[in-house]
Each structure stands twice: as C-alpha cells, then as structure tokens.
Amino acid sequence: LVTGAHVFTRYHNNDAATAEAFDDGWFRTGDLGTLDDDECLHITGRAKEIIVTAAGKNVAPALLEDRLRSHPLVSQCIVVGDARPFVAALVTLDAQMLPGWLANHGLPEMGVTQAAASPRVRASIQKAIDYANKAVSRAESIRTFGVLDVDFTEANGLLTPSMKIRRKQVLEAFAGQVDDLYDTAARERSSAG
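Just so it is clear, the model here is predicted, and its values are computed rather than measured.

Draft legend 1. Region of interest: the overall build of the protein. Looking only at helices and strands, the protein has 7 helices and 9 strands in total. Projected onto the principal axes, the alpha-carbon positions of the protein cover approximately 60 × 40 × 35 Å. Split into buried and exposed, the 193 residues of the protein put 35% on the buried side. One finds the centroid of the 20 positive side-chain charges in the protein at a distance of 5 Å from the centroid of its 25 negative side-chain charges.

Draft legend 2. Summary view of the nonpolar core. Counting residues in hydrophobic clusters, the biggest one holds 28 residues, and the most contacted among them are Leu64, Leu68, Leu73, Leu93, Val121, Ile125 and Ile142. Listed by contribution, the elements that provide at least two residues to this core are α2 (61-69), β7 (74-80), β8 (87-93), α3 (98-104), α4 (112-117), α5 (119-133) and β9 (142-148). The element contributing the most residues to this core is α5, with 5 residues. If we skip the residues at most four places from it in the chain, Leu64 touches Val59, Val79, Ala132, Asn133, Val136, Glu140 and Ile142. Counting residues in each nonpolar core, the second largest holds 16 residues, with Val80, Ala88, Leu158 and Leu181 among its members.

Draft legend 3. Region of the structure containing a nonpolar patch on the surface. A cluster of nonpolar residues, Leu35, Leu41 and Ile43, forms a patch on the protein surface that exposes about 330 Å² of accessible area. For Leu41, the position within the fold is in strand β4 (residues 41-46).

Draft legend 4. α2, seen in detail. Looking at α2, one finds that the buried residues are Pro61, Ala62, Leu64, Glu65 and Leu68. Buried residues along α2 cover an arc of 165° about the axis, so they all sit on one side.

Draft legend 5. How the structure looks around the environment of Leu35. Checked against the element boundaries, Leu35 lands in strand β3 (residues 31-35). Every residue in contact with Leu35, bar those within four places of it in the chain, is listed here: Cys40 and Leu41.

Draft legend 6. Expanded view of the sheet that holds β9. Strand order across the open sheet formed by 3 strands is β7-β8-β9, with mixed pairing between neighbours. Only two strands of the sheet have a single neighbouring strand rather than two, namely β7 and β9. Ignoring strand direction, the axes of neighbouring strands in this sheet form an average angle of 25°. In terms of strand pairing, β7 meets β8 through 6 bridges, oriented antiparallel. Within the sheet, the bridge partner assigned to Ile78 lies in β8 and is Leu90. Against the sheet, α2 makes contact with β7, β8 and β9, and its axis sits at roughly 155° relative to β7, the strand it touches most. Along the sheet, α5 contacts β7, β8 and β9; its crossing angle with β9, the most-contacted strand, is approximately 140°.

Conventions we followed
- Residues numbered from 1 in each chain as written.
- Predicted model: local features only at pLDDT ≥ 70, side-chain atom pairs only at ≥ 80, totals over all residues.
- Heavy atoms only, no water.
- Helix = DSSP H or I, 4+ residues; strand = E, 2+ residues; numbered from the N terminus.
- Buried < 20%, exposed > 50% of the residue type's maximum accessible area, 1.4 Å probe, protein only.
- Lys, Arg positive; Asp, Glu negative; His and termini not counted.
- Charge placed at Lys NZ, Arg CZ, Asp CG, Glu CD.
- Core = buried A, V, L, I, M, F, W, Y, C linked by side-chain atoms within 4.5 Å.
- Contact = heavy atoms within 4.5 Å.
- Patch = residues over 30% accessible without salt bridge, like charges linked within 9 Å, V, L, I, M, F, W, Y side chains within 5 Å.
- Areas by Shrake-Rupley, 256 points an atom, 1.4 Å probe, with all protein chains shown as cover.
- Salt bridge = Lys/Arg side-chain N within 4 Å of Asp/Glu carboxyl O.
- Arc of directions from axis to C-beta.
- Pairing = 2+ DSSP bridges.
- Axes fitted to C-alpha atoms, helices over the stretch in contact; angles between N-to-C directions.

Spelled out as structure tokens, the structure:
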C-alpha cells in the first residue's frame, strides 16, 4: 500500500475501480516488498505472481527469474510450482547469443532445438540455476528445469508489449512440459528409493 502527494486519488469516472484499488486512502499497488534497516523499500515481486507450493511455501518468482535471465544463454524463463511439491523452471535460449556461446565453449554450431538437449548447454543452465538458488531458501529453490526450443515473444502472445511474461498463457501453452518436469522427478525419486 502506498500513499502520498505523488499517488493518484481515483480513477476517472470509475468509482468501482477506485473502491477496489484503494483502502482508506492507500493505493493497493499489487507489489510485494521488504523494508531494510534504513526503511528503504525493496520490491520483491507481484502479489498475483506468488507461487504457493503443495507444502504451502510462498515463492516470489521474480528474483529467481531475474537471476536466471542474467545468464548469456537464457532469453526467458518462468518459475513454476503452484500446488506442486517443489519449484521448477522452464527456460528459453537466446538464439542470437547461442552461436557465440557455442564457439567460445568449443562446441559445434547447432540450432536452438539441438542446444536445448545438449548436455553442455544444460550444464551451463544448471550453473545459472545454482546461482539463482543462492538467493533463496531451499524450499524456494528450483529443483529441476526444462529447456524449451521456442522463445516467449510478443508475436506468439507469450510476452506483453512491455516484455513481461504472460504467465497464464505460458502455463497453458507448455502445460505438458511442466507436467513432464514433475513426472520425471517423481519417476527418478521412486526408482532411487
């Protein structure tokens, strides 16, 4: 909730939206954040994007996703795990960065589909996931991931014009891949136990 002279006071000609967006003069931004010892606000994510695992752990995906996107091979990613036993991720590869990365790592040229299955590419993505996981607790950490051979774009309806992921559309489009992540993990766990 925020308030102050810099915050608008109402929606023009929309009393219902105003009533929904304000609480006793405070504007509901939908953001989540923390205050540090100096009372500086740090935005940690959006309330509507919170993932609640089957164990009831609330996970803000933004921190993990931002850290993953910092890897040169990663174009987009989405952290998943709502009502699931653990957190996982779907990652897309940056087709423009891929040729240079492959050359720098002594690997032959390959397309995104081949790269998505390459053990060396997957190992590099795993290092990025390990880096992202350092910022969160074990319960919030990404346990498994999948690499998609298609990117999220505005043209395919998976990104907004401001380059934000359309979570609902991505989860619908790749529901099978998400299920596969959890099914594979369950099979591996049952064969190990």
